[in-house]
Amino acid sequence: LSFKNPKGINDPARVEHYSHVIRQENSRMNMQVESVLRMALMDKKELELNFEPVLMQDIIHDCIQHIQLSLESKGGHLVQKFNDNDALVTVDKNHISNTIINILDNAVKYSVNSPEIKVVTERTEEYFILIISDKGMGMSKEEQKHIFDRFYRVSSGNVHNIKGHGLGLSYAHGIVLAHGGKIEVESEKGKGSTFYIYLPLHLHNEIKTNEWKA
């Protein structure tokens, strides 16, 4: 059935399904275009970041809600363990949110079966740490060396429905660096991946944000 078929038009459930697919594809294409533009601005140091102190738990909760539909559609579940609920970090909310969503989205996409995702927060004296782990396809040591390279995509083996152009993690890497932080990955082929995002806590990040603005 399709929109060209009268039977499809008269089936509300089918129409809603197709509408949802169209909205998802439109959103995905818009994100790809935006990623290209952001990367171009980042190359020229013209990407504007609007820094403000925020509670990271609020941003993370919003990001989890963003991927909830796709997670549920694959029968997955997500476990949260916040060991620091009052971490104040100076960030650009929009770009840090996009960074976290990119990693969460990959955790969903690169899961062979029902996604199992764990989100943990920690802190050191200087850094807020966000840890996102999955039990998906994982990566070889060689793939891990290139995971943050632009346009690089991990081989998906026999899984053919993984979409994207390899910009998400490169963009995430650039954004985290612009915040004076770092992003790392640990992974094993067939056993999943864990991403670590380190962001300077509020007081420690004031110098970093001033350097970026300069």
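So, here is what we can say about the structure in this document.

Thresholds, definitions, all that
Residues numbered from 1 in each chain as written. Predicted model: local features only at pLDDT ≥ 70, side-chain atom pairs only at ≥ 80, totals over all residues. Heavy atoms only, no water. Pairing = 2+ DSSP bridges. Helix = DSSP H or I, 4+ residues; strand = E, 2+ residues; numbered from the N terminus. Axes fitted to C-alpha atoms, helices over the stretch in contact; angles between N-to-C directions. Contact = heavy atoms within 4.5 Å. Left-handed = near helix turned anticlockwise from the far one by under 90°. Nonpolar A, V, L, I, M, F, W, Y, C, P; charged D, E, K, R; others polar. Salt bridge = Lys/Arg side-chain N within 4 Å of Asp/Glu carboxyl O. Buried < 20%, exposed > 50% of the residue type's maximum accessible area, 1.4 Å probe, protein only.

**Describing the sheet that holds strand 2 (residues 77-82)**
- A sheet is described by the order of its strands in space; here 5 strands give the open sequence 2-4-5-7-6, paired in mixed fashion. Across the chains shown, the open sheet's two edge strands, defined by having one partner strand only, are strand 2 and strand 6 (182-188). Each neighbouring strand pair of the sheet contributes to a mean axis angle of 15°, computed without reference to strand direction.
- Pairing of strand 5 (residues 127-134) with strand 7 (residues 192-200) involves 7 bridges; the strand directions are antiparallel. When the bridges of strand 7 are listed, Leu 130 appears paired with Ile 197.
- Contacting strand 2, strand 4 (116-123), strand 5 and strand 7, helix 3 (residues 56-73) crosses the sheet at an angle of about 170° to strand 2.

**Description of the pairing of strand 4**
- Judged from the 6 bridges that link them, strand 2 and strand 4 form a sheet pairing that is parallel. Directly across from Val 79, in strand 4, lies its bridge partner Lys 118.
- The sheet contact formed by strand 4 and strand 5 spans 7 bridges and is antiparallel. For Glu 122, the partnering residue across the bridge sits in strand 5 and is Ile 129.

**Some remarks on the packing of helix 4 (residues 93-109) against helix 6 (residues 168-178)**
- Helix 6 packs onto helix 4 with a crossing angle of 145° between their chain directions and a minimal axis gap of 9 Å. The way helix 4 lies across helix 6 gives a crossing that is left-handed. Along the contact surface, helix 4 presents His 95, Ile 96, Asn 98, Thr 99, Asn 102, Ile 103 and Asn 106, while helix 6 presents Gly 168, Leu 169, Tyr 171, Ala 172, Ile 175 and Val 176.
- Across the contact of helix 4 with helix 6, the residue classes break down as 7 nonpolar, 6 polar and no charged.

**Considering the pattern of salt bridges**
- Inspection of the entire model under this criterion finds 7 salt bridges.
- For Arg 123, the salt bridge goes to Asp 86, with nearest N and O atoms at 3.9 Å. With Arg 123 in strand 4 and Asp 86 in the loop between strand 2 and strand 3 (88-91), this residue pair connects regions lying 37 residues apart in the sequence.
- You can call Arg 123 partly exposed: its relative accessible area is 42%.
- Its relative accessible area of 55% is what places Asp 86 among the exposed residues.

**A short note on the environment of Ile 132**
- Along the chain, Ile 132 falls in strand 5.
- It is 5.6 Å that separates the C-alpha atoms of Ile 132 and Thr 194, two residues lying 62 residues apart in sequence.
- Ignoring sequence-local partners within four residues, the contact set of Ile 132 consists of Ile 100, Ile 103, Leu 104, Ile 117, Lys 118, Ser 193, Thr 194 and Phe 195.

Honestly, that's just the spatial picture; any functional story needs more than this.
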